Amino acid sequence: PDSDREIAKIWQGGDVVRMEKLAETGDVRAQHWMGLMLHNRGRYDEAIRWYSRAVEQGDAKSANRIAFFYEHGIGREADAKKAPAWHRKGATLGDFGSQIAYAAALGSGVDLARDDREAFNWYRTAAAQRGYSQRGYAYLPLAEMYENGTGVPRDLTRAYAFARAAELTVDDSDTGSRSRARSLHARIRARLAPSNVAAGEQLFQTLVPGRSARSGVWLMAAMFAALLAAGALLLITRRRRAAPRAG
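Residues numbered from 1 in each chain as written. Predicted model: local features only at pLDDT ≥ 70, side-chain atom pairs only at ≥ 80, totals over all residues. Heavy atoms only, no water.

Relative to the helices and strands, Asp-27 is located in the loop between helix H2 (16-24) and helix H3 (28-40). In this structure the side chain of Asp-27 is engaged in a polar contact, spanning 2.8 Å, whose partner is the side chain of Arg-29. Aside from chain neighbours lying at most four places away, what touches Asp-27 is Ile-7 and Leu-22. (Helix = DSSP H or I, 4+ residues; strand = E, 2+ residues; numbered from the N terminus. Polar contact = N/O pair within 3.5 Å; in protein donor to acceptor, adjacent residues only side chain to side chain. Contact = heavy atoms within 4.5 Å.)

Relative orientation of the contacting elements H3 and helix H5 (residues 60-72) amounts to 25°, with a least axis distance of 10 Å. As judged from the angle between their axes, H3 and H5 are roughly parallel. Along this stretch, H3 crosses H5, giving a crossing that reads as left-handed. Where H3 approaches H5, its residues His-32, Leu-36 and His-39 are matched on the opposing element by Lys-61, Ser-62, Arg-65 and Phe-69. Of the residues assigned to the contact of H3 with H5, the class counts are two nonpolar, three polar and two charged. (Axes fitted to C-alpha atoms, helices over the stretch in contact; angles between N-to-C directions. Parallel < 35°, antiparallel > 145°, perpendicular 65-115°, else oblique. Left-handed = near helix turned anticlockwise from the far one by under 90°. Nonpolar A, V, L, I, M, F, W, Y, C, P; charged D, E, K, R; others polar.)

Over the atoms a probe the size of a water molecule is rolled, and this reveals where empty space is left. Within this model, the largest pocket holds a volume of roughly 150 Å³. Taken together, Ala-104, Gly-107, Arg-114, Asp-116, Tyr-123, Pro-141, Glu-144, Met-145, Asn-148 and Thr-150 form the lining of the largest pocket. Only helix H7 (96-108), helix H8 (116-127) and helix H9 (136-148) provide two or more residues apiece to the lining of the largest pocket. At four residues, H9 tops the list of elements feeding residues into the lining of the largest pocket. For the lining of the largest pocket, the class distribution of residues is four nonpolar, three polar and three charged. (1 Å grid on protein atoms, 1.4 Å probe; cavity = no way out; pocket = protein on both sides within 12 Å on 5 of 7 lines; lining within 4 Å. Points joined across faces, edges and corners; volume = space filled by probe spheres on them.)

Note on placement: Glu-56 falls in helix H4 (residues 44-56). According to the relative accessible area criterion, Glu-56 is exposed, its value standing at 69%. In sequence terms Glu-56 and Val-28 are 28 residues apart; their C-alpha atoms lie 9.1 Å from each other. (Buried < 20%, exposed > 50% of the residue type's maximum accessible area, 1.4 Å probe, protein only.)

Next up on the list: the environment of Gly-107. With respect to the element layout, Gly-107 can be found in helix H7. Between the C-alpha atoms of Gly-107 and Thr-150, which are 43 residues apart in sequence, the distance is 9.3 Å. Ignoring any residue separated from it by four or fewer positions in sequence, one finds Gly-107 in contact with Arg-114, Asp-116 and Ala-119.

With that out of the way, let us pick up the environment of Thr-157. Note that Thr-157 resides in helix H10 (residues 156-169). Spatially, the C-alpha atom of Thr-157 lies 8.8 Å from that of Glu-201, the residues being 44 residues apart in sequence. Those residues in contact with Thr-157 that lie beyond four places of it in its chain are Leu-192, Asn-196, Ala-199 and Gly-200.

Below, the discussion takes up the nonpolar core. Formed by 38 residues in total, the largest nonpolar core has its most connected members in Tyr-139, Phe-162, Ile-188 and Leu-207. Counting only elements with at least two residues in this core, the list comes to H7, H8, H9, H10, helix H11 (175-189) and helix H12 (194-207). Looking at this core, the element that brings in the most residues is H10, giving nine residues. If sequence neighbours within four positions are ignored, Tyr-139 has contacts with Ala-127, Arg-130, Phe-162, Ala-165, Ala-166, Thr-169, Leu-207 and Val-208. (Core = buried A, V, L, I, M, F, W, Y, C linked by side-chain atoms within 4.5 Å.)

Turning our eyes to something else, we now look at the packing of aromatic side chains. If you walk through the whole model with that rule in mind, you get seven aromatic pairs. Arranged with centres 5.7 Å apart and planes meeting at 70°, the rings of Tyr-44 and Phe-69 form a pair that is edge-to-face. Of this pair, Tyr-44 sits in helix H4 while Phe-69 sits in helix H5, and the two are 25 residues apart along the sequence. One aromatic cluster in this structure is built from Phe-120, Tyr-139, Tyr-146 and Phe-162. Taking the ring centre of Trp-86 as reference, the NZ or CZ of Lys-89 above it sits at 4.1 Å. The cationic tip of Arg-164 hangs over the ring face of Phe-204; the distance from NZ or CZ to the ring centre is 4.0 Å. (Phe/Tyr/Trp six-rings, centres within 6.5 Å; stacked < 30°, edge-to-face > 60°. Lys NZ or Arg CZ within 6 Å of the ring centre and 35° of its normal.)

The next thing to look at is the packing of H8 against H9. Relative to each other, H8 and H9 sit at 140°, their axes nearing to 8 Å. Here H8 is positioned oblique relative to H9, judged by the angle of their axes. Of the two elements, H8 crosses H9, and the hand of that crossing is left-handed. Of the residues in H9, those in contact with Asp-116, Ala-119, Phe-120, Tyr-123, Arg-124, Ala-126 and Ala-127 of H8 are Tyr-137, Ala-138, Tyr-139, Pro-141, Leu-142, Met-145 and Tyr-146.

Quick look at the structure:
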């Protein structure tokens, strides 16, 4: 087949024989789908063989699938060392899910040596993948790392922007992550001066461009508050200078 649509038809029809013939020709798309077809049929060893062949040709999602097998002990014993190793392969090849999973493993230090800076770098790499609507799963840990100075210098303005972006880009059904992002956003905002909130809003617009109209209102409000604060400070200073001195 010359198109993904034709391969999708083979998948939807459940034609394992035809998919295997195509996979044997070296078509990486068919190799991945062949792995998934066998996976769904409980033929896990064969599925891993096809996924592995696809990874050899640079297929990132197949690496993520293999990591999933080892992570959850599907068809084999769970292996805490092999799972992050496969996530690293997927992350290096550009798979968003693998980048998040590998960063989380690095940050926890449970399945491999803890490395906060490297975890930050992988979250940042995942966050830069503009084609993914759920970048909030990279934005949220980045916000927490900026807030706490974990793996990166502490920066509450950036923490604010990433927390606000996370609140709008995690999965709608993931109420736990959305609530976590909302609480983080509110907590950081309460600690910032109006001028820092304005700067955070500007950064937020670059993270979630589609929300520019809404964020524009926030930005104007923050800038107005900053101007009021500056005006009030200037007025107080002038009054102090004009006040008569004792003696």
